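# Observations on the model geometry
One letter stands for each residue in the lines below.
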Amino acid sequence: MEAFYLPDPSDPTRFESTELTRGPWAADAQHAGPPSALLGHVVERCEPREGFRVARIAVEILGPVPLAPVVVEARVTRPGRSVELVEATMRSAQGPVLQANAWRIRQADPELDLPETALASGTRPGPDTVAEASDFPTAHEIGFHTGIEYRFASGGFIQPGPAVCWMRLRRPVVAGTVPSPLERTLVAADHGNGISTVLDWETYLFINTDLTVTLHREPVGEWICLDAVTYPERSGIGLAESRLFDEKGPVGRGTQTLLLGRRK
């Protein structure tokens, strides 16, 4: 398969979902990372303005995204001289499945003269220093895990607790396009709960109801790193939080609200 999604030549809002979007919970449902990235793809193409970029995007997961064609649309709901809000929705044949709000902010030109001590710093062991992971816990031969390369600097899919993992796309989000930094980040950021789970995959569910990503700097290069931790509670509600990096240093944060439960 050449991409996670195939555009419909006759309808720019319609996309065919390939098997690369399949998630770990059901054979006929998508992982939330690819559809979140598709929303980002559409947001960035909605009335683009030179010098502006998405600084924060919040994706609400309204229900399972079926492994089927989807319709994605975006519109500017709050225009502004320096800050604007873009809203995007994804629908399947059953109705709305995802919606997103993205703040697009004008970047300073020329750049601000800030002291180095005020800028975010820090690094993680680079992707070239660790081996590729191949132990993703799934019974599906083809899915999103086959469209992404994973390299753990610490932790692991079946190793409970916090984890540091580098990720890069093996295929584009949309066929015929080059994934943008935002698309790459959204696919990776939705893995926070998966790489840092403290619960057994075969016994528990830990499904996120949303994904919020804030980028103070646009990532550079193919690799995105998550330094992730999960906070579960006996109430059945949890939080996954990820610090996001590229090979130059910190770029932002990602959070997910989690529904916890036992598998039936």
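Residues numbered from 1 in each chain as written. Predicted model: local features only at pLDDT ≥ 70, side-chain atom pairs only at ≥ 80, totals over all residues. Heavy atoms only, no water.

In the annotation of an unreviewed UniProt entry, the protein chain is listed under the name Thioesterase superfamily protein and assigned to Nocardia pseudobrasiliensis.

Looking now at the pattern of salt bridges. Applying the stated criterion to the full structure yields 15 salt bridges. A salt bridge links R124 to D227, with the nearest nitrogen and oxygen atoms 2.9 Å apart. Here R124 is found in the loop between β6 (95-106) and β7 (148-156), whereas its partner D227 is found in strand β11 (residues 224-231), with 103 residues between them in sequence. Overall, D227 belongs to the buried group, its relative accessible area being 14%. Among the ionic contacts, a cluster of salt bridges with common partners joins D128, E149, R151, R168 and E222. (Salt bridge = Lys/Arg side-chain N within 4 Å of Asp/Glu carboxyl O. Helix = DSSP H or I, 4+ residues; strand = E, 2+ residues; numbered from the N terminus. Buried < 20%, exposed > 50% of the residue type's maximum accessible area, 1.4 Å probe, protein only.)

Our next topic: the UniProt feature "domain: Acyl-CoA thioesterase-like N-terminal HotDog" (unreviewed entry) in the protein chain. Per the UniProt record, "domain: Acyl-CoA thioesterase-like N-terminal HotDog" (unreviewed entry) is found at residues 22-104. Note that residues 22-104 is 14% helix and 47% strand, and that its end C-alpha atoms are spaced 30 Å apart. (UniProt positions renumbered as here; feature names shortened; annotations may be inferred.)

This next bit is on the environment of A55. Within the secondary structure layout, A55 lies in strand β3 (residues 52-61). Separated by 38 residues in the primary sequence, A55 and S17 have C-alpha atoms spaced 27 Å apart. Sequence-distant contacts of A55, defined by excluding residues within four places in its chain, comprise W103, I105, V213, T214 and L215. (Contact = heavy atoms within 4.5 Å.)

Each pocket or cavity is described by its volume, and for the largest pocket that value is around 730 Å³. Along the walls of the largest pocket sit 20 residues, with E111, L114, L119, H216 and R217 positioned nearest its centre. Of all the elements in the fold, those that place two or more residues in the lining of the largest pocket are β3, β6 and β13 (249-262). Of the residues contributing to the lining of the largest pocket, the split by class is nine nonpolar, five polar and six charged. (1 Å grid on protein atoms, 1.4 Å probe; cavity = no way out; pocket = protein on both sides within 12 Å on 5 of 7 lines; lining within 4 Å. Points joined across faces, edges and corners; volume = space filled by probe spheres on them. Nonpolar A, V, L, I, M, F, W, Y, C, P; charged D, E, K, R; others polar.)

The next thing to look at is helix α1 (residues 33-44). Between its terminal C-alpha atoms α1 stretches 17 Å, which fits the 16 Å expected from 12 residues at 1.5 Å a residue. For α1, a buried count of 11 out of 12 residues is recorded, marking the element as mostly surrounded by other parts of the structure. (Expected span 1.5 Å × (residues − 1).)

Moving on: the side chain of R104. Within the secondary structure layout, R104 lies in strand β6. For R104, a relative accessible area of 4% translates into the label buried. A distance of 3.2 Å separates a polar side-chain atom of R104 from the backbone oxygen of V43. A polar atom in the side chain of R104 sits 2.9 Å from the backbone oxygen of C46. (Polar contact = N/O pair within 3.5 Å; in protein donor to acceptor, adjacent residues only side chain to side chain.)

Glancing now at the packing of aromatic side chains. Evaluated as defined, the whole model comprises three aromatic pairs. Ring geometry for Y150 versus F157: centroids 5.0 Å apart, planes at 80 degrees, classification edge-to-face. Across the pair, F157 and Y150 agree in class, each one buried. Taken together, a centroid distance of 5.0 Å and an interplanar angle of 75 degrees make the contact between W201 and F206 edge-to-face. The residues W201 and F206 share a single accessibility class, namely buried. An aromatic cluster of at least three residues, connected via ring pairs, comprises Y150, F152 and F157. (Phe/Tyr/Trp six-rings, centres within 6.5 Å; stacked < 30°, edge-to-face > 60°.)

Most of helix α2 (residues 181-189) sits out of view: eight of its nine residues are buried. Looking at α2, one finds that the buried residues are L182, E183, R184, T185, L186, V187, A188 and A189.

Relative to strand β4 (residues 70-78), strand β2 (residues 11-17) runs antiparallel, the two sharing two bridges. In the sheet register, R14 faces β4, and the bridge partner there is V71. Summarising the sheet, β4 and strand β5 (residues 83-92) pair through seven bridges and their orientation is antiparallel. The residue of β5 that forms the bridge with V76 is V86. What sits between β4 and β5 in their antiparallel hairpin is a turn of four residues. (Pairing = 2+ DSSP bridges.)

Core analysis: the biggest nonpolar cluster contains 56 residues, and I57, M90 and I195 have the highest contact counts within it. Not counting residues up to four positions away in its chain, the partners in contact with I195 are F152, G156, F157, G161, A163, C165, M167, L226 and A228. If you look at the next biggest cluster of nonpolar residues, it comprises five residues, including V164, W166, C225 and F245. (Core = buried A, V, L, I, M, F, W, Y, C linked by side-chain atoms within 4.5 Å.)

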